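# A structural walkthrough
Chain residues, written in single-letter form:
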Amino acid sequence: MLRVCVFCGSKSGDRAEYAESAEQLGRWLARGGHTLIYGGGSTGIMGLLAEAVLAERGAVIGVITEHLARPELMHAGVRDMRITRDMHARKSLMHELADVYVGLPGGFGTMEELFEAVTWAQLELHARPVLLLNVAGLYDGLIRLLDDMTEHGFLSLRCRRLITICSSDEELQLALQAIPGQSC
């Protein structure tokens, strides 16, 4: 079974599809016996994702910083909550725990975490898959930017392929099932 590190927003965004995708991924992870590793929050897409896993009695590991480990932010239902001193230690621990990275809708923090994971892959510090779910076209501009960076010689085709773009929940699930060693 996979330990899936999901980067996603602490806000819900303005479209129902964002929440629906997070909830669908959470249910799929739990039903497949996979473990969710995430930022430990109770709000936004993060909270919805964790709630969906927990509702199906799935395994969740929250990783949150001391700064954010407050009752109004930290998910009270996550029994395995790991508190780190800062964001660097948080991302390091998430990386140690993860088999694969998934990006869902989010803001600066989501992008920073996703791009650190893909940069580490580019530097050959790990060979874990990095997947991005483009819910309702949210990341169309980012995908164009990545393609432009490749076209203009700032990314090799090998590096561009380090992020697998999934256009639907079903495509994301198929990509996760295709990870070597999985019998989903």
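Structure first, text after, so check above.
We now examine the packing of helix 3 (residues 87-97) against helix 4 (residues 108-122). Contact geometry of helix 3 with helix 4 gives a least axis separation of 12 Å together with a crossing angle of 55°. Put simply, helix 3 runs oblique to helix 4. You can see that helix 3 and helix 4 cross each other, and the crossing is right-handed. Of the residues in helix 4, those in contact with Met87, Arg90, Lys91 and His95 of helix 3 are Glu112, Glu113, Glu116 and Trp120. In terms of residue class, the contact of helix 3 with helix 4 is made up of two nonpolar, one polar and five charged.

Turning our eyes to something else, we now look at the environment of glycine 32. Secondary-structure assignment places glycine 32 in the loop between helix 1 (16-31) and strand 2 (35-38). A residue is classified by how much of its surface remains accessible, and glycine 32, at 29% relative accessible area, is partly exposed. The spacing of glycine 32 and cysteine 166 is 134 residues in sequence and 19 Å in space, taken between C-alpha atoms.

Taken together, the seven strands give an open sheet; going across it, the order is 4-3-2-1-5-6-7, and neighbouring strands pair in parallel fashion. Across the chains shown, the open sheet's two edge strands, defined by having one partner strand only, are strand 4 (80-84) and strand 7 (163-166). The mean inter-strand angle of the sheet, taken between neighbouring strand axes irrespective of direction, is 25°. Summarising the sheet, strand 6 (residues 130-133) and strand 7 pair through four bridges and their orientation is parallel. If you follow leucine 131 over to strand 7, its bridge partner there is threonine 164.

Further remarks concern the pairing of strand 3 (residues 59-65). Extensive coverage of strand 3 is indicated by the burial of six of its seven residues. Note that strand 2 and strand 3 share four bridges and pair parallel. Paired with leucine 36 across the strands is valine 60, a residue of strand 3. Strand direction decides the pairing type here: strand 3 and strand 4, joined by five bridges, are parallel. Across the sheet, the residue bridging to glycine 62 is methionine 81, located in strand 4.

In this structure, glutamate 124 takes a positive phi of about 60° despite not being glycine. Tracing the backbone shows glutamate 124 in the loop between helix 4 and strand 6. Exposure remark for glutamate 124: the relative accessible area of 64% places this residue in the exposed category. Unlike most non-glycine residues, alanine 136 shows phi in positive territory, near 55°. Relative to the helices and strands, alanine 136 is located in the loop between strand 6 and helix 5 (140-151). Judged by relative accessible area, alanine 136 falls into the partly exposed class, the value being 36%.

Parameters at a glance
- Residues numbered from 1 in each chain as written.
- Predicted model: local features only at pLDDT ≥ 70, side-chain atom pairs only at ≥ 80, totals over all residues.
- Heavy atoms only, no water.
- Axes fitted to C-alpha atoms, helices over the stretch in contact; angles between N-to-C directions.
- Helix = DSSP H or I, 4+ residues; strand = E, 2+ residues; numbered from the N terminus.
- Parallel < 35°, antiparallel > 145°, perpendicular 65-115°, else oblique.
- Left-handed = near helix turned anticlockwise from the far one by under 90°.
- Contact = heavy atoms within 4.5 Å.
- Nonpolar A, V, L, I, M, F, W, Y, C, P; charged D, E, K, R; others polar.
- Buried < 20%, exposed > 50% of the residue type's maximum accessible area, 1.4 Å probe, protein only.
- Pairing = 2+ DSSP bridges.

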